[in-house]
Amino acid sequence: MPFALLMLSGCLTQSLSPAWFIDRTRLLAVRAEPAEPRPGDLVTFTSLAVDPAQDLLIVWTGCVLESSSSFGCDTTDPDAISLLGVEPLLPPSLQVPADLLDDLPEEDRDEGKNYFLTLSALPGDTDLSAIEELDQDDLLELGIKRLPVSESTTANHNPEIRQLLIDGVIEVLPGGVLTVQRGQTYSIEPILNEDAIEAYEYITSDGVTEPRVEEPYFTFYATDGSYVVDYSLYPYGAVDWTAPVDPLADTLTIWSVVRDRRGGMGWFTLTVEVAG
Amino acid sequence: MLSPLLLALLGPAFAQDPPPAPGEAGAEQEAPPPLVKDPALINFVQAAFPQEAKDAGIEGIVLLLLEVNETGQVYNVTVLESAGWGFDEAAVEAAKQFVFSPAEDAAGPVPVALEFEYGFVLDAAATEGALPEEPVVEEVVELPVNLEGQVVEMATRRPLPEMSVAVPGTDLATLTDAEGRFALRGVPIGPAKVVIARPGWQTQEVDVVLVEGEATNVVAWVRNESYDQDAAMGVYRKDKVEVTQRTITMGEVRRIPGTFGDPIRVVQSLPGAARSPFGTGVLIIRGSNPEDSGVYVEGVRIPFIYHIGGYVSVFNPDLIGAVDYLPGNYGAQYGRTTGGVIDVKIKQEAPEQGRLVWSTDLLDSGGFYEGRLGESGNHHIGVAARRSYIDAVLPLVPRYGASGFVVRPRWADYQVRYGYTGLEDTRVTAFVFGFSDKLLVGSDDGVAQGTDQDTQDDFAVNYWSQRALVTVEHRFSDKLTAKITPAFGWDYTYLGSGQSLQITQDQWIWQVRGEAVWRPHPTIEVIPGIDWLWGGATFEFGLPFNPNSLVEYDPLAEREDYTLSGKGQARSPDVYLKANWRPFKDPERLLITPGLRVTPVRIVDELDTISFDPRVIARAKVVKGGFVKAATGIYSQPPQSFEAYHPNPDIRTELVNERAWTSTLGYEQQLTQGLSVELEVFTKDLDNLIVSNRELQSLSTDQFNTNEGVGRVKGLEFMLRQAAINQTFGWVSYTLSKSERRDYPDSEWVLFDFDQTHILTVVGGYKLPYGIEASGRFQYVTGNPYTPYAGGVYDIDQDFYSAFSSGDTNSERLPSFVALDLRIDKAWTFKQWRMNTYVDFLNAYRGVNPEFVQYNYDYTESAYIRGLPFIPSPGVNIEVFL
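Values in this document were obtained by computation on a predicted structure and should not be read as measured data.

Details of the overall build of chain A
So, point 1. For chain A, the count of helices and strands is 1 helix and 19 strands.
So, point 2. By the burial criterion, 49% of the 276 residues in chain A qualify as buried.
So, point 3. Sequence separation of 24 or more characterises 68% of the internal contacts of chain A that already satisfy a separation of 6 or more.
So, point 4. Summed over its atoms, the accessible surface of chain A is roughly 12800 Å², and 50% of this surface lies on carbon and sulfur atoms.

A word on the pairing of strand β4 (residues 74-81) of chain B
Residue and element names in this part refer to chain B.
So, point 1. Here strand β3 (residues 60-68) runs beside β4; their pairing, made up of 6 bridges, is antiparallel. Across the sheet, residue Leu-66 finds its bridge partner in β4, namely Val-77.
So, point 2. Once β3 ends, the chain turns through 5 residues before running back antiparallel as β4, passing Gly-72 with a positive phi of about 95°.

Some remarks on the packing of aromatic side chains
So, point 1. On inspection of all chains with the given rule, the structure shows 27 aromatic pairs over all chains.
So, point 2. Aromatic side chains A:Trp20 and A:Phe21 sit 5.7 Å apart centroid to centroid with 65° between the ring planes, which places their arrangement in the edge-to-face category.
So, point 3. Overall, the relative accessible area of 9% leaves A:Trp20 in the buried class.
So, point 4. Plain terms: the ring middles of B:Tyr789 and B:Tyr859 are 5.7 Å apart, the flat faces sit at 65° to each other, and that makes the pair edge-to-face.

Things to note about the sheet that holds strand β9 (residues 145-153) of chain B
Residues and elements named next belong to chain B.
So, point 1. Taken in spatial order, the 3 strands line up as β12-β9-β15 in an open sheet, and their pairing is mixed. Each edge of the open sheet carries a strand with a single partner, namely β12 (181-185) and β15 (216-222). Taken over all neighbouring pairs, the strand axes of this sheet differ in orientation by 20° on average, direction set aside.
So, point 2. Looking at chain direction, β9 and β12 are connected through 5 bridges and run antiparallel. Across the sheet, residue Gly-149 finds its bridge partner in β12, namely Phe-182.

Re a nonpolar patch on the surface
So, point 1. Taken together, B:Phe488, B:Trp490, B:Trp508, B:Trp510, B:Trp532, B:Trp534 and B:Val575 make up a surface patch of nonpolar side chains, about 650 Å² in accessible area.
So, point 2. Put simply, the parts of the chain that give the nonpolar patch at least two residues each are β28 (480-497), β29 (501-521) and β30 (524-543) of chain B.

Details of the confidence of the model for chain A
So, point 1. When pLDDT is averaged along chain A, the result is 87; 93% of the residues meet or exceed 70.
So, point 2. In this model, residues 1-9 of chain A is a region of pLDDT below 50 whose contacts with residues beyond four sequence positions or in other chains number 40 contacts.

Let's talk about the pattern of salt bridges
So, point 1. Under the definition given, this model contains 55 salt bridges over all chains.
So, point 2. Taking the shortest distance from any N to any O, the salt bridge between A:Arg24 and B:Asp858 comes out at 3.2 Å. Placement of A:Arg24 in the loop between α1 (3-9) and β1 (26-33) and of B:Asp858 in the loop between β48 (852-855) and β49 (862-865) is noted, with the two residues assigned to different chains.
So, point 3. A residue is classified by how much of its surface remains accessible, and B:Asp858, at 5% relative accessible area, is buried.

Observations concerning helix α2 (residues 87-95) of chain B
All names here are of chain B.
So, point 1. Counting buried residues along α2, 7 of its 9 residues qualify, which places the element largely inside the surrounding structure.
So, point 2. If you check which residues of α2 are buried, you get Phe-87, Asp-88, Ala-90, Ala-91, Val-92, Ala-94 and Ala-95.
So, point 3. The elements touched by buried residues of α2 are α1 (51-56), β3, β4 and β8 (112-121).

Some points on the nonpolar core
So, point 1. Within the largest apolar cluster, 50 residues are counted, with the highest numbers of intra-cluster contacts made by B:Ile305 and B:Phe315.
So, point 2. At the level of elements, β18 (294-297), β20 (320-326), β21 (341-346), β26 (426-443), β27 (459-477), β37 (705-725) and β38 (728-742) of chain B are the ones that each hand at least two residues to this core.
So, point 3. Ranked by residues supplied to this core, first place goes to β26(B) with 4 residues.
So, point 4. Non-local contacts of B:Phe315, meaning those with residues more than four positions away in its chain, are made with B:Ile264, B:Val297, B:Ile302, B:Ile305, B:Ile320, B:Arg386, B:Gln415, B:Phe431 and B:Phe433.
So, point 5. If you look at the next biggest cluster of nonpolar residues, it comprises 33 residues, including A:Val30, A:Leu100, A:Met265 and B:Tyr794.

Observations regarding the pairing of strand β36 (residues 675-692) of chain B
Residues and elements named next belong to chain B.
So, point 1. Where strand β35 (residues 658-672) lies against β36, 13 bridges are found, and the strand directions are antiparallel. Bridge assignment links Thr-664 to a residue of β36, and that residue is Phe-682.
So, point 2. In this structure, the hairpin formed by β35 and β36 is closed by a connection of 2 residues, where Gly-674 is found at a positive phi of approximately 90°.

Observations regarding the environment of A:Thr46
All names here are of chain A.
So, point 1. As for its position among the elements, Thr-46 is in strand β2 (residues 42-50).
So, point 2. For the pair Thr-46 and Ser-93, spaced 47 residues apart in sequence, the C-alpha to C-alpha distance is 9.0 Å.
So, point 3. For Thr-46, the residues in contact, after removing those within four places along its chain, are Ala-29, Val-30, Arg-31, Trp-60, Glu-87 and Trp-267.

Here's the deal with unusual backbone geometry
So, point 1. A:Glu87 connects to A:Pro88 through a cis peptide bond whose omega is -5°.
So, point 2. Residue A:Pro235 is bonded to the preceding A:Tyr234 through a cis peptide linkage, with omega at 10°.
So, point 3. Relative to the assigned elements, A:Pro235 resides in the loop between β16 (231-233) and β17 (239-242).
So, point 4. Positive phi values are uncommon outside glycine, yet A:Arg261 reaches one of about 70°.
So, point 5. Along the polypeptide, A:Arg261 turns up in the loop between β18 (251-259) and β19 (265-275).
So, point 6. Even without being a glycine, B:Tyr770 presents a positive backbone phi close to 65°.
So, point 7. In this fold, B:Tyr770 is placed in the loop between β40 (758-767) and β41 (772-781).

What about a negative patch on the surface?
So, point 1. Among the surface-exposed residues, A:Glu107, A:Asp108, A:Asp110 and A:Glu111 lie close enough to one another that they form a single negatively charged patch.
So, point 2. Residue placement: A:Asp110 occurs in the loop between β5 (93-95) and β6 (113-123).

Description of the environment of B:Asn693
Residues and elements named next belong to chain B.
So, point 1. For Asn-693, the position within the fold is in the loop between β36 and β37.
So, point 2. Take Asn-693: its relative accessible area is 14%, and that puts it in the buried class.
So, point 3. When the C-alpha positions of Asn-693 and Asn-705 are compared, they lie 4.5 Å apart, and in sequence the two are 12 residues distant.
So, point 4. Separated by 2.9 Å, the side chain of Asn-693 and the backbone nitrogen of Glu-695 make a polar contact.
So, point 5. Side-chain polar atoms of Asn-693 contact the backbone oxygen of Gln-703, separated by 2.8 Å.

Conventions adopted
- Residues numbered from 1 in each chain as written.
- Chains lettered and ligands numbered in written order.
- Predicted model: local features only at pLDDT ≥ 70, side-chain atom pairs only at ≥ 80, totals over all residues.
- Heavy atoms only, no water.
- Helix = DSSP H or I, 4+ residues; strand = E, 2+ residues; numbered from the N terminus.
- Buried < 20%, exposed > 50% of the residue type's maximum accessible area, 1.4 Å probe, protein only.
- Contact = heavy atoms within 4.5 Å.
- Areas by Shrake-Rupley, 256 points an atom, 1.4 Å probe, with all protein chains shown as cover.
- Pairing = 2+ DSSP bridges.
- Phe/Tyr/Trp six-rings, centres within 6.5 Å; stacked < 30°, edge-to-face > 60°.
- Axes fitted to C-alpha atoms, helices over the stretch in contact; angles between N-to-C directions.
- Patch = residues over 30% accessible without salt bridge, like charges linked within 9 Å, V, L, I, M, F, W, Y side chains within 5 Å.
- Salt bridge = Lys/Arg side-chain N within 4 Å of Asp/Glu carboxyl O.
- pLDDT = per-residue confidence, 0-100.
- Core = buried A, V, L, I, M, F, W, Y, C linked by side-chain atoms within 4.5 Å.
- Lys, Arg positive; Asp, Glu negative; His and termini not counted.
- Charge placed at Lys NZ, Arg CZ, Asp CG, Glu CD.
- Polar contact = N/O pair within 3.5 Å; in protein donor to acceptor, adjacent residues only side chain to side chain.

This is the structure:
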C-alpha cells in the first residue's frame, strides 16, 4: 500500500506508555566515579532510580566477563558474581581487580575491557535477609551497565549538566524549582560543564591514532506533562515540554540524562511547580 | 477441369473435448463445450487431385480432425475416415496450411479440434460419374434494397459483425456482415423503427423514414456492455501443460477493488497467495518467502515487480497481455526458485486502430499509446510512461504532517514495445523498459533523528532498473519451431543514511532464453531449452562501525567507519529438457510432461554448485469437462549474492542451492458455461535452507551462513469461479495451509512468519444500467504469527530495553483479518472515446485488522498496529481511439 495509506493506517489500537513518562520503577542512569578506572582503582557508584509511588532498594552486583553480553553476568555461576552494594543502605563500590587486564596484550590495555554491573530494583521494604528467596516477580526493574577498565592516558570522565536553560533565558541550577503555567510549552536545554566534551585519542583497527571529540546526547523524562521528542543531541540540546493541563497537577519532576557514549553519564533533576 | 471441392464443412469445434475416433470408448459421452466464437476458415488451400484417382475417375471424401491453436494455425491433422487413392495424403497436406480465425471461449482465444470433410470431385466435363450436380435454384424476383447501413461500436468505432438488425412489425431481419453492414429489402415506406441488438451490447433503436424509390442509409452506434470486450486480453492464462489453469480477464481485473486495476496485484486474490501486510503486494506464495518466488517478463527475471510501497506494479497494465501465475509444480522452463512464479507476458501485437490511454488517480498519472506504423501495418508499437506525485500529496495529509517525520516516495516507469509481423514464419518482438524508485525519510529541519550523529541525514533508498529484450520466434516446419530471447539488464541500488551508512550496487545481467518445440510424432513434443544467466556487480558498502566488532559486542567500544568495496561475477547456465506426451487422439485425455532442469551455479571466488531437478506433470480428462492433475518435482534456488559473499578471499562459501520437493494433486471441473470449480492439495518439503552460522566467532575466518535450515508446507486450495460473461463475474477462493521452518537440526519447528491457516477471498462484479458497474471483494484471513514479549532488561549504557520473550518464536497469532472492499465504476462512452471514473472504497467494513504488534519501550505493554482504515480512492481513465 502506498505510504500515504501507511501513514493513515499505522495507528495503534490503544496508546502505549511513552519512554519519557515516569509512572513506574525506572533505572534512568548510572554513574561510576571514576568513569573509566584503571586496574586496582576504587570505584563508587550512584544510580538515578525513580519510582513515583514507593521507595526502592537497588541491589548492585558485578562480574568479570571474558566478553560482553547483552544480558549481564552468568547467573549459573554464583561464585563469579560479587555483591557491590545496596542503595541506599550500602553505597555500592568496587575495588577493580588489579589483574583485570593481565590477560590482555600490552597494546590492548589502553582500550581495556569491561567490568559488568547488574542493577536490580526492589521495593524499599524488601527483607534483604531473604534475598536468596527472591524470584523474577519480585524484581521491579533490571538494568545492566558496563564499566570500562583501561590504562588509557585519555580515560573518560563523566559529563555534568551544570544547569537547565528554560526558554533560552531562565537558568535553573541544581536544586532549583521551576514554576510553569498550566498547558504552556517550554523549551528545556541542558547546559554542560565546560570540560564535559572531552577530546581523546583512539587507535583505529589499522593502528592509526585518531583524535576524537565526544558527541553526547540527552534523554528527558517527566512525571507529568508531555514531550513530542524526548531526546536531543549536543550541541542542539533543547526539547519542548508542555506543562500538564490537569487542574489537579501541582508538583512534578523532570529529569535530563546525558550520556557521552563512552560509559560516562550525568543527570539533572528539576522540581516543577504548576501554576495557573 | 479438376476441382477438389470443399465439401464442407466444418464440423463442430471443441474447446476442450474434441471428438474421439469412431468406436473409441466414451465417444457417446462427448459433446462440444461452449464457445462464444467458432473458428472460421479464412485461408483455404486447394489440394492436388491424386493422379491415380483422376486417371481412374475416382472421387472421395476424407474426414479429418484438425487441431487449431489459439492463433488459428493448424498444428495437427488426423485422418478420421480414409478415402484411399492418395486422397488422405493430399487432404492432410492442404489442411495443414489452412488458417482459421481463432475460436474463443468466455476467457478468450482457445485451441480447438474440429472435424473437416475434404471432398475431391472430378470436373463433370472431364469425367462421367462425378458427384451429383447441385440442384438448380429457381430464380426469384427480389425487392430492391431500401434500407441499408452499418453498425459501429461506440468509442472503438470498429464495425460490428453478427449484430441483429430487425424492423419491428415486419418479418424483416438480418445480421450484419464482417464489415458491420446490413441491407434490407422491402421495408414498408414511411416511418419505421430499426432495432439493433446482440447480447453484450446495448440494444439500439433508430428511427428512420423510408421514401419510395430511395435507399435509406443508417449508421448505428451501439455501446458495448459486456465484460467480454476485454476477453481477448486474458491474464492468468496458463498453458495447459501446467498443472493448474486459471484465467482472469482484464475486464475483471480492472474492476476488482483493492487491486487498483493492476493485473499483477490480482494474484493476491487467487488461491495459494497469502495476504501481505497493508496490502503491500509482497508475494508470499504457498508458504514461501517473498524472495523465493520469481518474477519474470517474457521469461526474463526482474528484481522487483512493484514500485516502492507495493502500490502498483512497474508495468502499465495496458501493455500486459497475460500474467502466468504458477504457485507451484511448474515445468522445467522455470528454475532458480523454490516458491511460485509470475511471468508477465507483453502483448505481441497492437490493434489496427491506434489507441491512447490516460490514467490518473490520487498517487500517479500515466499515458499509453499503441498502434501500427507503416502502410503494411506490420510494425506494432506500444509506448507507456508513468510518474507518481505522491511525494507532493503526502505532506497535505494532516496526521502525516504531525508525525515528526517526512516520507517522500516517488516512482516512475516507462515501457517501449515493438513487434514486427511482416515475415511469414518469423515473429520479432523487442521490449525495453525501466523503472526508478526513490524514498526519502527524514525529519523536519531542527528535529534530531535519533540520538546518533551518524543517522542525522535523510534516510534514502534509490534504485532503478533497465531491461532490454528481443524475442525471435521462427517456424522451421510443421514439426519444429524455436524461440530465443536475449536480454540485457542494468540495475542500480543505493541505500544510505547520513555520511557513514552507504550501500551502492551496480549490477549488470545478461540472460538468454531459448526453447525449441520439436514434434517427432503427433503425440509427442520434445522441448529442449536453455536459460543462461550471467552477471556481475560492483558494490561499495560503508558503515559507521566495523562489523567485526559485532562478534564481541561492546556498545562502549569506539566505532570507526568501515568501507568495503568489491566486485563479483556469477553465472548460471541452466539447461532443461521436457516433453509433452499425449498418447491419445484426444489430446486432452491424457497429458504427461516429464522434465529435467540442470542448474549449475558459479559465483566467482565463492562457490560452485549444481542441481538436477527432475519434474513430472500429468493431466487427465476423466469425465466431460473434468480433469485430474498431479505433479511432483524438485526445485532448486541458488544462494543470493549477499548470502554467498565473504570478504576474505581465502574463504570460499560452502553453500549449496536451497531445495524444495513439491507435489500437487488436484481436480478441476467445468460445471456450466463459465462456471468452474477446482481443488488442489499440495505439499512442499524444503531443505538446504540458508541460515546464519550460529557457530560464527570471527568474521574473517568463519562462514557467515550454512545450509542447515529445513521447512515444510502443506495445503489445500479451492476455487469456484464464474467467468466474465455478459453482466457478471466472480469467484470464491480458499486456501488452507500450514508452513513451518526449523533453522537448525536441534531447534524446534516454528511457524513461518506469514503462515496463514485460512485465506478466504470472495470477488464479484455486476454491470448495472447506464454504464455503472459495482464490484466487491471480501477477505477473511487468519492473522500472522508473532513472537510475544513480556518485559525487558534495561541497557543503561544504550538507553534501550532488550526484550524477554514470553513464548516460543511465532507462538502467538494476530487477530483475523476481515475486510470488505467495494468499487463503483461509471463509464461514459462517446463515438471516438470513452471515459471511466471510479472510486475504490477500501475497508468499507471498517475492520481493525491488526497488522503487527507494537510494544512500549520496556515491553510491558502492547497494542496492535491497525490495518488500512476506510479509504475512498478515486481515479479516472480516458481512452481515445485514433
